[in-house]
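# Chain and residue survey
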Amino acid sequence: MNDKDIVQLFFERSQQAINELSQKYGKHCFQIALNILKCNEDAEECENDTYLKTWNSVPPDHPTYLRAYVSRIVRNLALSRYRYHHRKMRDSHLLVYLSELQDCIPASNDVEASADDTVNNAIHAFLLTQNLTVRALFIQRYFYMESIADLSRKFGLKESNISTKLNRTRLKLKQYLEREGVVL
């Protein structure tokens, strides 16, 4: 079933919408949550919470890209759960991802709050100037929180090659944001 039909089922308030969404994007949602939480049970809960949140938000929302819509929901749910579980811990695996971006994303106490429309639009515009491989690496590393080892297997590149590409991309992003007037 295509995304448009699944969204229509949500608008009709059909229980089949959840089944179709689960069948089409369940593994994808679970993997995003697992990349962040590193715990199967928590990832399953986030996946299920994603279905509920989607049910409650469609309608009135009418997502054009259902995969991106549920990806964002599950990612935000997983990050919230992660923050809740690791509130006082400082040795977290997410700090690795965030520390990589700290020089090219505006500073804030809350990374999610700092990512306003101006910064989002600038990052989106920047990524469109990059080749498809670099763009995919960047998104999968910093949105889906995939490890360098996983990216290496997925793209068939050496880990050092991926690290270099990501480092160069972050430097280019920083320069791009500065040219666009985004205060870092």
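What follows concerns the overall build of the protein chain. Per the secondary structure count, the protein chain includes 10 helices and zero strands. For the protein chain, the N- to C-terminal ordering of α and β elements is α-α-α-α-α-α-α-α-α-α. Put simply, the protein chain has 184 residues, and 41% of those count as buried. Taking the contacts inside the protein chain whose residues are at least 6 apart along the sequence as the reference set, 63% of them involve residues at least 24 apart. Split by element, the accessible area of the protein chain, about 11,000 Å² in all, is 50% carbon and sulfur.

Below, the discussion takes up the environment of Leu37. For Leu37, the position within the fold is in helix H2 (residues 16–37). Dropping the residues within four chain positions of it, Leu37 is found in contact with Asp42, Ala43, Cys46, Ala78, Arg81 and Tyr82.

What follows covers the pattern of salt bridges. Evaluation of the coordinates by the stated rule reveals six salt bridges. The shortest N-O distance in the salt bridge between Arg81 and Asp42 comes to 3.7 Å. Here Asp42 lies in helix H3 (residues 40–57) and Arg81 lies in helix H4 (residues 66–85), a separation of 39 residues in the sequence. Summarising the burial analysis for this pair, Arg81 and Asp42 share the class buried. Where Asp49 meets Arg81, a salt bridge forms, and the shortest distance between an N and an O atom there is 3.6 Å.

Cis geometry is found at the peptide bond from Val58 to Pro59, where omega equals -15°. If you trace the backbone, Pro59 turns up in the loop between H3 and H4. The omega torsion across Pro59 and Pro60 is 15°, close enough to zero to call that bond cis. Here Pro60 is to be found in the loop between H3 and H4. Here Arg13, not a glycine, exhibits a phi torsion of approximately 60°, which is positive. As for its placement among the helices and strands, Arg13 is situated in the loop between helix H1 (3–11) and H2. Residue classification places Arg13 among the partly exposed positions, given a relative accessible area of 36%. Phi is positive for Met145, close to 60°, though the residue is something other than glycine. With respect to the element layout, Met145 can be found in the loop between helix H8 (132–142) and helix H9 (148–155).

Definitions and limits used
- Residues numbered from 1 in each chain as written.
- Predicted model: local features only at pLDDT ≥ 70, side-chain atom pairs only at ≥ 80, totals over all residues.
- Heavy atoms only, no water.
- Helix = DSSP H or I, 4+ residues; strand = E, 2+ residues; numbered from the N terminus.
- Buried < 20%, exposed > 50% of the residue type's maximum accessible area, 1.4 Å probe, protein only.
- Contact = heavy atoms within 4.5 Å.
- Areas by Shrake-Rupley, 256 points an atom, 1.4 Å probe, with all protein chains shown as cover.
- Salt bridge = Lys/Arg side-chain N within 4 Å of Asp/Glu carboxyl O.

None of the figures reported here should be taken as evidence of function without further support.
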